[in-house]
Amino acid sequence: MNQLSNVETFSTDRDAIGSQASGRLFASRDRATGQCVFPPVPARSPSAHRYEPVTLSRVARLYSFSVIHPNRKTGEQPFVVIYADFPEGARVFGRLLLPRERHPLIGMQVEARIAEQGAATIYSFAPVEEA
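All values reported here derive from a predicted model rather than from experimental measurement.

Time to look at the side chain of Ser 28. Relative to the assigned elements, Ser 28 resides in strand S3 (residues 24-30). From its side chain, Ser 28 meets the backbone nitrogen of Val 41 in a polar contact 2.8 Å long. Those residues in contact with Ser 28, other than ones at most four positions away along the chain, are Gln 35, Cys 36, Val 37, Pro 40, Val 41, Tyr 51, Glu 52 and Val 54.

Right, dumping it as structure tokens:
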């Protein structure tokens, strides 16, 4: 499986995106419309009063993906980025970590992987392991 080691993933403030312990991402829901957004609206935002905090479900569905092929001169391997749809209505962009023998499939179940890297919290997605 791909590792987070020499890979740039998506990160924001440590307390803003999710809980490493639970593996769940945080979002915000507009009180008037019910629309759920990620990343969560910061408490210091002038619009913060319009939103309530939401903890997203553990499992999402792959909505779309792209395989990125870095320039050969970089020595980096191709990787996959996705949009994942959560039951709460949030659509989240991130990197999908797959074993080499697997391919992304629209509709497949994925779950967030949250890790600390220095002063940042990073997240990515991985396929849900079928029992």
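Here we take up the pairing of strand S7 (residues 79-85). When a strand is regular, its side chains alternate between the sheet's two faces. Of all seven residues making up S7, five are buried, and the element is well covered by its neighbours. Strand direction decides the pairing type here: strand S6 (residues 59-68) and S7, joined by seven bridges, are antiparallel. Bridge pairing links Ile 68 to Phe 79 in S7. The pairing of S7 with strand S8 (residues 91-96) spans six bridges and is antiparallel.

Right, let's talk about the confidence of the model for the protein for a bit. Mean pLDDT for the protein: 86, with 86% of residues reaching 70 or above. Low pLDDT (under 50) marks residues 1-15, which in the prediction has 35 contacts with non-local residues, meaning those over four places away or in another chain.

When strand S2 (residues 18-19) meets S3, the two strands line up antiparallel, connected through two bridges. Looking at S3, one finds that Gly 18 is bridged to Leu 25. Count of turn residues in the S2/S3 antiparallel hairpin: four residues, of which Gly 23 carries a positive phi of about 70°. In this structure, S3 lies alongside strand S5 (residues 51-55), joined through five bridges in antiparallel fashion. In the sheet register, Phe 26 faces S5, and the bridge partner there is Thr 55. Note that S3 and strand S4 (residues 36-37) share two bridges and pair antiparallel. Note on S4: the bridge partner recorded for Arg 29 is Cys 36.

Rules of the game
The residue numbers shown here count from 1 along each chain, following its written sequence. Reporting of local features is limited, given that this is a predicted model, to residues whose pLDDT is at least 70; pairs of side-chain atoms are given and counted only at 80 or more, and all residues count toward the totals for whole chains, interfaces and linings. Side-chain measures here rest on the full set of heavy atoms in the structure, leaving out hydrogens and waters. Numbering of helices and strands runs from the N terminus; a helix is a DSSP stretch of H or I covering at least four residues, while a strand is a stretch of E covering at least two. Nitrogen and oxygen atoms within 3.5 Å of one another constitute a polar contact, given that in protein one can donate a hydrogen and the other can accept it, and given that sequence-neighbouring residues count only through two side-chain atoms. Pairs of residues are marked as contacts when any of their non-hydrogen atoms sit within 4.5 Å. Buried means the residue's accessible area, taken with a 1.4 Å probe over protein chains only, is under 20% of the maximum for its type, while exposed means over 50%, and partly exposed covers the values in between. Two strands qualify as a pair provided DSSP detects at least 2 bridges between them. Scored from 0 to 100, pLDDT reflects the predictor's confidence in each residue.

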